[in-house]
Amino acid sequence: MTVHMPKWLLIALCIGTACVGLYVSWAQEFIAIDRCLDDGGRYEALWQTCNKTGAENPRTNFTIYTGPVYSGVLDGQKIQLQIRDDAQTYRMVKDGLRIEGEMNTEKGFEHQGNAVVYVLNPWAEDPMQIRLLLSKTGSGQELVWIGPDHRLQKDVTLRAEATELR
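What you are looking at is a predicted structure, and each value in this text was computed from that prediction instead of being measured.

Colleague: Can you help me understand the pairing of strand 8 (residues 130-137) in this one?
Modeller: Every regular strand shows the same layout, with side chains that alternate between the two sheet faces. As judged from the four bridges shared by strand 7 (residues 112-120) and strand 8, these two strands associate in the antiparallel manner. Opposite L120, over in strand 8, you have I130 as the bridge partner.

Colleague: I keep staring at unusual backbone geometry and nothing clicks. Help me out?
Modeller: Negative phi characterises most residues that are not glycine, and trans characterises most peptide bonds. Although it is not a glycine, A87 sits at a positive phi angle of roughly 55°. By secondary structure assignment, the location of A87 is in the loop between strand 4 (77-83) and strand 5 (89-94). A87 sits in the buried class, given a relative accessible area of 18%. Its identity as a non-glycine residue notwithstanding, N121 has a phi of 60°, on the positive side.

Colleague: Looking at this structure, how should I read the side chain of E142?
Modeller: Relative to the helices and strands, E142 is located in strand 9 (residues 140-146). At 3.5 Å, the side chain of E142 and the side chain of R159 are in polar contact. Residue contacts for E142: discarding those within four places in its chain leaves Y70, L133, L134, S135, T137, T157, L158 and R159.

Colleague: In this structure, what is going on with the nonpolar core? I would like to understand it.
Modeller: Counting residues in each nonpolar core, the largest one holds 18 residues, and the members touching the most others are L81, M92, L120, I130, L132, L143 and L158. When residues of this core are traced back to their parent elements, those giving at least two are strand 3 (70-74), strand 4, strand 5, strand 7, strand 8, strand 9 and strand 10 (152-160). With near-sequence residues (within four places) excluded, L158 lies in contact with Y70, S71, G72, V73, I79, L81, L132, E142 and L143. Formed by six residues, the second largest nonpolar core is a distinct cluster that contains F109, V119, L133 and I146.

Colleague: Sorry, what's going on with the pattern of salt bridges here?
Modeller: Close approach of charged atoms allows side chains of opposite charge to pair. Scanning the model with the defined rule gives three salt bridges in all. Measuring nitrogen to oxygen at the nearest pair gives 2.5 Å for the salt bridge that ties R131 to E106. Of this pair, R131 sits in strand 8 while E106 is found in strand 6 (residues 97-109), placing the two residues 25 residues apart along the sequence. Residue classification places E106 among the partly exposed residues on the basis of a relative accessible area of 33%.

The rules we used
Residues numbered from 1 in each chain as written. Predicted model: local features only at pLDDT ≥ 70, side-chain atom pairs only at ≥ 80, totals over all residues. Heavy atoms only, no water. Pairing = 2+ DSSP bridges. Helix = DSSP H or I, 4+ residues; strand = E, 2+ residues; numbered from the N terminus. Buried < 20%, exposed > 50% of the residue type's maximum accessible area, 1.4 Å probe, protein only. Polar contact = N/O pair within 3.5 Å; in protein donor to acceptor, adjacent residues only side chain to side chain. Contact = heavy atoms within 4.5 Å. Core = buried A, V, L, I, M, F, W, Y, C linked by side-chain atoms within 4.5 Å. Salt bridge = Lys/Arg side-chain N within 4 Å of Asp/Glu carboxyl O.

Shown next, in the form of structure tokens:
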């Protein structure tokens, strides 16, 4: 015994599936961008966030990300990292996965007393922490990875792309 599905029901299912696919792939982000712009913000596609840099209360300006975006390859994965202005949290895109977390800063590394070390996930066990040394170069800044052995890995660097997101 075969079940025959009416043609109109099959067409309705196809149209419904197409609408859901269109919403997930395009309309959802379009709506987020539109709401962000209506609310006086700037939508950051990389981070999928609404950045309101014109905060009414100047004391809350530190909660925004205006610093450079560092990018490179870490442990074989493409990384884009930005540190919040108060250096208390970070946001990262790691092979398409968006991550936000806590961070801490340390002063001094090896023989460099004024060096700044960013420690991502400072409350996690040592192997789960990511330690990066801030290094000034002639053309800008870069973050150099400090390996699990607490030695500088000069071949693994995240370079600053821009001072402000587009």
